[in-house]
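As a plain string of letters, each chain reads:
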Amino acid sequence: MAGPCGTAGDGGDDVTIRVLVADDHAAVRAGLVLILGGASDVEVVGEATDGEQAVAMARELKPDVVVMDVRMPRMDGIAATEALRGVVDVLILTTFDVDEYVFGALQAGAAGFLLKNTDAEALIDAVRIVARGDGLISPAVTRRLIARFARAVPAESTTLDLSQLTPREKEVFAALGRGAANAEIAAELGMAEATVKTHVSRVLAKLGLRSRVHAAIRAREAGLA
């Protein structure tokens, strides 16, 4: 999703990624703001202290990315992510390496999941990745997450109606199944990254998929990858 300064991830030097930070711990929040604000292409446009405030501020400020904690008062990060599905891309950042949190975050539509022990450079890179429309999961949880996500797909949803996809959308869906990032899909199919982002959004919406990870699993199940 793009901010007013340009399209996130389009490669222009004048692009600024607008970020909202949501964490109930003041010291952690301050540290995140310091790290992210230190990047030349990132601007922290707001700070939220709980999930409800994060949802309200995201809808008002329209950032490119929300960096969201999981355990917060009034509304937790998973519920807040669900409330912001289709509104803004969310990067979950949590101390807890718990499957329920990872799985719940992706079910809610999070674009990324990282642990708080991630170093500063990796955090900034993760924000950039999410801002340009790609997904990202902490390597520490990827393998078991994919295995669990695949097992959790309801039996009644095993058949996808691919007829509603255009030929180009099917190609994009297949590329997601191979784990390709937007830039790789753009190069492979000869289109702009912004166009790839549009196709990915349409594929997810048409097939009722929750995230890129979910789409990748279903594409493999459908034999497209």
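Data block above holds the structure.
Residues numbered from 1 in each chain as written. Predicted model: local features only at pLDDT ≥ 70, side-chain atom pairs only at ≥ 80, totals over all residues. Heavy atoms only, no water.

Describing the nonpolar core
Argument step 1. Counting residues in hydrophobic clusters, the biggest one holds 23 residues, and the most contacted among them are Val66, Met68, Leu84, Val90 and Ile92.
Argument step 2. Among the elements of the structure, strand 1 (17-22), helix 2 (51-61), strand 3 (65-68), helix 3 (77-83), strand 4 (89-94), helix 4 (99-107) and strand 5 (112-115) are those that each provide at least two residues to this core.
Argument step 3. No other element matches the four residues that helix 2 contributes to this core.
Argument step 4. Look past the residues within four positions of Leu84 in its chain and what remains in contact with it is Ala54, Val55, Ala58, Arg59, Val66, Met68 and Val90. (Core = buried A, V, L, I, M, F, W, Y, C linked by side-chain atoms within 4.5 Å. Buried < 20%, exposed > 50% of the residue type's maximum accessible area, 1.4 Å probe, protein only. Helix = DSSP H or I, 4+ residues; strand = E, 2+ residues; numbered from the N terminus. Contact = heavy atoms within 4.5 Å.)

A few points about helix 2
Count 3.6 residues to each turn of an α-helix, and residues three or four apart come out pointing the same way.
Argument step 1. For helix 2, the set of buried residues is Gly51, Ala54, Val55, Met57 and Ala58.
Argument step 2. Looking at the buried residues of helix 2, the elements they touch are strand 1, strand 2 (42-48), strand 3 and helix 3.
Argument step 3. With its phi angle positive at about 50°, Lys62 sits one or two positions after the end of helix 2.

What to know about the pairing of strand 2
Argument step 1. Pairing analysis gives six bridges linking strand 1 to strand 2, with the strands arranged parallel. Opposite Leu20, over in strand 2, you have Gly46 as the bridge partner.
Argument step 2. Crossover handedness for the path strand 1 to helix 1 (residues 26-37) to strand 2: right-handed. (Pairing = 2+ DSSP bridges. Right-handed = clockwise from strand over helix to strand, strands pointing away.)

Considerations on the pattern of salt bridges
Argument step 1. Tallied over the full model, the rule gives 12 salt bridges.
Argument step 2. Across the salt bridge formed by Asp69 and Lys116, the nearest N and O atoms sit 3.4 Å from each other. With Asp69 in the loop between strand 3 and helix 3 and Lys116 in the loop between strand 5 and helix 5 (120-131), the pair connects residues that are 47 residues apart, well separated along the chain.
Argument step 3. A relative accessible area of 4% means that Asp69 is categorised as buried.
Argument step 4. Of the charged contacts, one joins Arg85 and Glu82 as a salt bridge, the two residues approaching to 2.8 Å between their closest N and O atoms.
Argument step 5. Because the salt bridges share partners, they merge into one network encompassing Asp23, Asp69 and Lys116. (Salt bridge = Lys/Arg side-chain N within 4 Å of Asp/Glu carboxyl O.)

Remember that the coordinates give geometry; whether it matters functionally is a separate question.
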